[in-house]
Amino acid sequence: MEPHDADLRHHYDSELEEIRASLVDLGTMALSNIRHAGIVFSENRPEEIETVRNADIPINAKYTELEARVFEILALQQPVASDLRFLVASTRILYELERSGDLAVNVVKALARLDGIPTDASIHSAVSQLAEASAAMFTRGIEAIATLDPEIGMGAELEDEATDHLTASLYKLVTLNQDELGLETAVALFRIGRYFERIADHGVNIAENVTFVVTAQFPGEG
Amino acid sequence: MTPTLTIEALAGDPKRRRKERRVRTLFASAGMVSIAVSILIMVALIGEAWAFISQVELASLFTFGWFPRRGFYDIPTLIVATTLIAGIGMIVAVPLGLGTASYLAEYASPRARRWLKPTIELLAGVPSVVLGFWALTFISPEFVQRLFSAAPPFTMMAAGLGVGVLITPLVATVSEDAMRAVPIDLRLASYGLGANRSVTVRKVVVPAALSGIVASLILALSRAIGETMIVFMAAGAVGGALRTANPLEPGQTMTAAIAALATGSDQVAGEGLAFQSLFFVGLLLFLITLVLNSVSNRFVRKYRERY
Amino acid sequence: MANNIQTAHRATAVPMKLNEAGSIAVSGPKRVTGGTPDDSNRVILELDAVDVFYGDFHAVDSVTIPIREKEITALIGPSGCGKSSVLRSINRMNDLIDTARVEGSIRYHGVDLYGPTVDPVEVRRRIGMVFQKPNPFPKSIYENVSFGPKIAKYGGNMDDLVEESLRRAALWDEVKDKLEQSAYALSGGQQQRLCIARAIATSPDVVLMDEPASSLDPIATLRIEELMFDLKQQYTIVIVTHNMQQAARVSDRTAFFSVDVSGGQRTGHLVEFSKTTELFTNPRESQTEDYITGRFG
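Notes on the structure in this doc start here. What you see is a predicted model; the values in this text were computed from it and never measured.

### What about the overall build of chain C?
Helix and strand content of chain C: 11 helices and 12 strands. Within the span of chain C, comprising 297 residues, buried residues form 52% of the whole. A fraction of 69% describes how many contacts in chain C between residues 6 or more apart in sequence connect residues 24 or more apart. Carbon and sulfur atoms make up 50% of the accessible area of chain C, which totals about 13,200 Å².

### A few points about the sheet that holds strand β3 (residues 241-242) of chain B
Residues and elements named next belong to chain B. Ordered in space as β2-β1-β3, the 3 strands form an open sheet in which the pairing is antiparallel. Looking along the sheet, the strands with just one partner apiece sit at the ends: β2 (72-73) and β3. Where strand β1 (residues 65-67) lies against β2, 2 bridges are found, and the strand directions are antiparallel. Bridge assignment links F67 to a residue of β2, and that residue is F72.

### Quick notes on the arrangement of the chains
Of all 2 pairs of chains sharing an interface, the pair with the highest contact count is chains B and C. Spatially, chain A is disjoint from chain B: no contact exists, and the shortest C-alpha separation is 29 Å.

### Thoughts on a positive patch on the surface
All names here are of chain B. A contiguous patch of positive charge on the surface is contributed by K15, R16, R17, R18, K19, R21 and R22. Along the chain, R21 falls in helix α2 (residues 14-55). R21 sits in the exposed class, given a relative accessible area of 53%.

### Here we look at the side chain of K117 of chain B
Residues and elements named next belong to chain B. With respect to the helices and strands, the residue K117 is situated in helix α4 (residues 110-124). Using a relative accessible area of 11% as the deciding quantity, one classes K117 as buried. Reaching out from K117, the side chain makes a polar contact with the side chain of E176 at a distance of 2.5 Å. Aside from chain neighbours lying at most four places away, what touches K117 is L104, T173, E176 and D177.

### Some points on the nonpolar core
Note that soluble globular proteins tend to have their nonpolar side chains buried in a common cluster. Judged by nonpolar contacts, the single largest core of 63 residues is most densely connected at L23, F41, L97, F138 and F196 of chain A. When residues of this core are assigned to their parent elements, the largest contribution, 13 residues, is made by helix α8 (residues 183-215) of chain A. Membership of the second largest hydrophobic core comes to 54 residues, among which are W66, A159, L273 and A274 of chain B.

### So, the pattern of salt bridges
All names here are of chain B. Under the definition given, this model contains 37 salt bridges over all chains. Where R187 meets E106, a salt bridge forms, and the shortest distance between an N and an O atom there is 2.7 Å. Of this pair, R187 sits in helix α7 (residues 184-192) while E106 sits in helix α3 (residues 75-107); the two residues are 81 residues apart in sequence, bridging distant segments of the chain. For R187, a relative accessible area of 9% puts it in the buried group. Through salt bridges with shared partners, one network takes in R113, K117, E176, D177 and R180.

### Concerning the pairing of strand β6 (residues 100-108) of chain C
Residues and elements named next belong to chain C. With 8 bridges connecting them, strand β3 (residues 43-54) and β6 associate as antiparallel partners. By the bridge assignment for β6, Y54 is matched with A100. Relative to strand β7 (residues 111-112), β6 runs antiparallel, the two being bridged by 2 bridges. Across the sheet, Y108 pairs through a bridge with V111, a residue of β7. Adjacent in sequence and paired antiparallel, β6 and β7 are bridged by 2 residues, among which H109 carries a positive phi angle near 50 degrees.

### Details of the interface of chain C and chain B
Counting residues at the interface gives 24 residues for chain C and 20 residues for chain B. Interface of chain C and chain B: buried area, both sides summed, is about 1,800 Å²; carbon and sulfur atoms make up 68% of it. When the buried surface of chain C facing chain B is broken down by residue, L96, P138 and I151 of chain C rank first, second and third, together holding 27% of it. In this assembly, chain C and chain B are joined by 4 residue pairs in polar contact (both at pLDDT 80 or more). Sorting the residues of the side of chain C that touches chain B by element identifies α3 (120-126), β8 (127-130), α4 (141-151) and α7 (188-200) of chain C as the ones contributing at least two each.

### Things to note about empty space enclosed by the protein
Any empty space left between the atoms is revealed when a probe the size of a water molecule rolls over them. Residue and element names in this part refer to chain A. Taken as a whole and assessed by the stated rule, the structure comprises 1 cavity of 30 Å³ or more. By volume, the largest cavity amounts to about 40 Å³. Every residue along the wall of the largest cavity is listed here: F86, I93, I145, L148, V210 and V213. If you list the elements that add at least two residues to the lining of the largest cavity, you get α3 (81-113) and α8.

### Here's the deal with unusual backbone geometry
Residue and element names in this part refer to chain A. For N44, which is not a glycine, the phi torsion comes out positive at approximately 60 degrees. Tracing the backbone through its elements, the reader meets N44 in the loop between α1 (10-42) and α2 (49-77). Taking the relative accessible area as the measure of exposure, N44 reaches 28% and is therefore partly exposed. Residue A216 is not a glycine yet carries a positive backbone phi of 70 degrees.

### A short note on the packing of α7 of chain C against helix α8 (residues 218-231) of chain C
Residues and elements named next belong to chain C. For the pair α7 and α8, the least separation of the axes is 9 Å and the interaxial angle reads 20 degrees. Our classification of the angle between α7 and α8 gives roughly parallel. In this structure, the crossing between α7 and α8 has a hand that is right-handed. In contact with G189, Q192, R193, I196 and I200 of α7, α8 contributes A220, R223, I224, L227 and L231.

### Considering the layout of surface pockets
By volume, the largest pocket amounts to about 600 Å³. If you trace the largest pocket, you find 22 residues lining it, with A105, E106, I184 and R197 of chain B together with L96 of chain C closest to the centre. Those elements that place two or more of their residues in the lining of the largest pocket are α3, α4 and α7 of chain B. Across the lining of the largest pocket, the residue classes break down as 12 nonpolar, 3 polar and 7 charged.

### Here's the deal with the environment of R243 of chain B
All names here are of chain B. Looking at the secondary structure, you find R243 in the loop between β3 and α11 (254-263). A C-alpha to C-alpha distance of 18 Å links R243 and A274, two positions 31 residues apart in sequence. Residue contacts for R243: discarding those within four places in its chain leaves F62, T63, F64, G65, D74, P76 and T77. Polar contacts involving the side chain of R243 include one to the main-chain carbonyl oxygen of T63, which spans 3.3 Å.

### With respect to the sheet that holds β6 of chain C
Residues and elements named next belong to chain C. What the 10 strands build is an open sheet, ordered β7-β6-β3-β4-β12-β11-β5-β10-β9-β8; its pairing is mixed. Looking at strand neighbours, the two that pair on one side only are β7 and β8, the edges of this open sheet. Pairing between β3 and strand β4 (residues 57-68): 8 bridges, direction antiparallel. Residue pairing across strands places V50 opposite V63, the latter belonging to β4. The strands touched by α8 are β5 (72-76), β9 (206-210) and β10 (236-240); relative to β10, the strand with the most contacts, the crossing angle is about 150 degrees.

### Quick look at the side chain of S146 of chain C
All names here are of chain C. When you line up the elements, S146 lands in helix α4. For S146, a relative accessible area of 0% puts it in the buried group. In terms of polar contacts, S146 uses its side chain to reach the backbone carbonyl oxygen of E143, at 3.4 Å. If sequence neighbours within four positions are ignored, S146 has contacts with M158 and V162.

### Re the packing of helix α5 (residues 158-168) of chain C against α7 of chain C
All names here are of chain C. Two elements in contact, α5 and α7, have axes separated by 8 Å at closest approach and are oriented at 130 degrees. It follows that α5 is oblique to α7 by the angle criterion. Crossing handedness for the pair α5 and α7: right-handed. Residues S165, L166 and R168 of α5 form the contact with α7, whose participating residues are L194, A197 and I200. Per-class residue counts for the contact of α5 with α7 are 4 nonpolar, 1 polar and 1 charged.

Cut-offs used in this document
Residues numbered from 1 in each chain as written. Chains lettered and ligands numbered in written order. Predicted model: local features only at pLDDT ≥ 70, side-chain atom pairs only at ≥ 80, totals over all residues. Heavy atoms only, no water. Helix = DSSP H or I, 4+ residues; strand = E, 2+ residues; numbered from the N terminus. Buried < 20%, exposed > 50% of the residue type's maximum accessible area, 1.4 Å probe, protein only. Contact = heavy atoms within 4.5 Å. Areas by Shrake-Rupley, 256 points an atom, 1.4 Å probe, with all protein chains shown as cover. Pairing = 2+ DSSP bridges. Patch = residues over 30% accessible without salt bridge, like charges linked within 9 Å, V, L, I, M, F, W, Y side chains within 5 Å. Salt bridge = Lys/Arg side-chain N within 4 Å of Asp/Glu carboxyl O. Lys, Arg positive; Asp, Glu negative; His and termini not counted. Charge placed at Lys NZ, Arg CZ, Asp CG, Glu CD. Polar contact = N/O pair within 3.5 Å; in protein donor to acceptor, adjacent residues only side chain to side chain. Core = buried A, V, L, I, M, F, W, Y, C linked by side-chain atoms within 4.5 Å. Buried area = accessible area lost by both parts, 1.4 Å probe. 1 Å grid on protein atoms, 1.4 Å probe; cavity = no way out; pocket = protein on both sides within 12 Å on 5 of 7 lines; lining within 4 Å. Points joined across faces, edges and corners; volume = space filled by probe spheres on them. Axes fitted to C-alpha atoms, helices over the stretch in contact; angles between N-to-C directions. Parallel < 35°, antiparallel > 145°, perpendicular 65-115°, else oblique. Left-handed = near helix turned anticlockwise from the far one by under 90°. Nonpolar A, V, L, I, M, F, W, Y, C, P; charged D, E, K, R; others polar.

See the structure below:
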């Protein structure tokens, strides 16, 4: 093997590194909006709905820009092996991030349609617990990108069961109290539960894509 | 900040430009001188040859032999002898020279080649007077007379064989250069198609090197026709020669005739036109060489494989 | 905008139809890729612990590669890694270098090509070769193609053979009216296809290609690659290439060579031999990864 001192592709490497950093940035932006949306919903702050909606605009813009850059690199550098896996995974991760951002907006939209959520303590706590767990799972995805740790993706499915349980208990709670809540509110709460569950799923997918980048296999494959 | 470029900066050093012009003039005049000399030779040849041909009785150009001091200028005698000796020379030199060239270019190991090639080049540098002497003292008694017991010591055969030895290295080295200049890629292509060495040499290398090989043969033929010393020494018939096409008899070539006349080694006094006849033969020799060159040029242009 | 329209057109031009089972069958232009090679293809050439020496210089160390029938096997790696030496040892072109010596065995249809009774001339008639620089003979197009069959005393109809070979090399239509013209009148890409036609005219079953497109422009290169893909139906191809994308595009399997610089010698060795799709998406060795992603120092 030749001496390995000269890295031949400085420019290319830094471009890939920039993409990865931008994915983490975009993930952090989405994450804070997801958290914010959870608080806005569970604490019933309709006045902040607009803030959450506006925060999604730069997320979408950054998504579009990043996707274009990944396409450019694919076209110009003809990446192979881990570079190829990283770039292909990046387009998938970008999609997951963008969808998660949209779901945060959906959460506050659901609030906008109601006159306010019920102040019942048990429902309040179930929603905020789910929101936190979902955000935590999503954080794991971002963490995976930041550290390129394949282990996170391998355990993600299991970790995500917490969110699934919280979603199930929220549904049960809503079903039990559907008469007091009324149909509209009950449906809204179901939706919210679904949104947070999806966000956590996106977090799992992101982590699994990172596992693919590193090991060339998705967890549970092969 | 980069300094602004001025037109003067690009004009260059006037001293350098002057020097460039001087050198150019020098080389141009060298070229002019050689052209001028050639023209002078031509003029002298044509003038004297014309003087000869306008005064001589045309019938005396076609008689029984070449005895210029006695007024018998049988040109065919000289042409036959010239052709015969050059022909014998070529018969020796072509197979020997091309064989050597093929061996050196295609078969010889680098080590064998390293000492063989200089040896052959050394042979090319042997003065023709030495070869003439050798033809007379070795080829003639040891070879010609041994094979043909009736042969006299001075024969065109001995001279021809001597000329052959003289021009063999020329054929060998020039042909070898031409063969070696054939790109290795073509040989690889041939071997890659399952050709062995001899097929590769015959079907690929020689055709590709043909122009160089033909050039070497023409060069050798010109040299054979123009060779004087060996013929002068080994072919006999210094004073004059009867017209004959028998290689086992003495004969006189055009060059030998000129040399004999010019040096007076024929030691025969007589006819006043004898001296002018020398220019006529010279002009004839010049024309033959010219024709030979243009024929070969045309041949080469037509058949050469350009790579 | 014209581009978008074209793209859209191309996308819809792929005919689709429902077949009887109700699933959608998609047919379309043949893709020029290695695809997934079939492990059931017979091994036609076995390089078994092959070492190549030039005098004292140990150029290649113990290379073992099974080469399968009707596949394209690519040899890639940095300069001096011995990939060309390995290629040239397959049809014994290395014999032309006095100091070259091959150890180990190369079995072709089970026969050791370096056996004592094997004539390299016979080997080369069965294992053809195409070189880096197009090297047609300075003869006519026809004579170039007929050269190999002629020296092998081919008994059939030469005109037919020449036409067939030129057709297979996708050159016939371009040269059919000028077969008597010099091969040198052709463009570089055409010359290289002529050399391919010349190589297949001796009906080899293996064709070795030593960087066959490295002196050609991109379009001529693609044409050669397309041709290789067609030739694969009938021939086994081994290609040495500096162009990794080319190896990725055309080959079924790829052997990656590297070079060790130790003890003052530069000895090449095989790092990885995999299916091309695997090698370029998930190489087993980090050395391969470094090289194919362009991070080889």
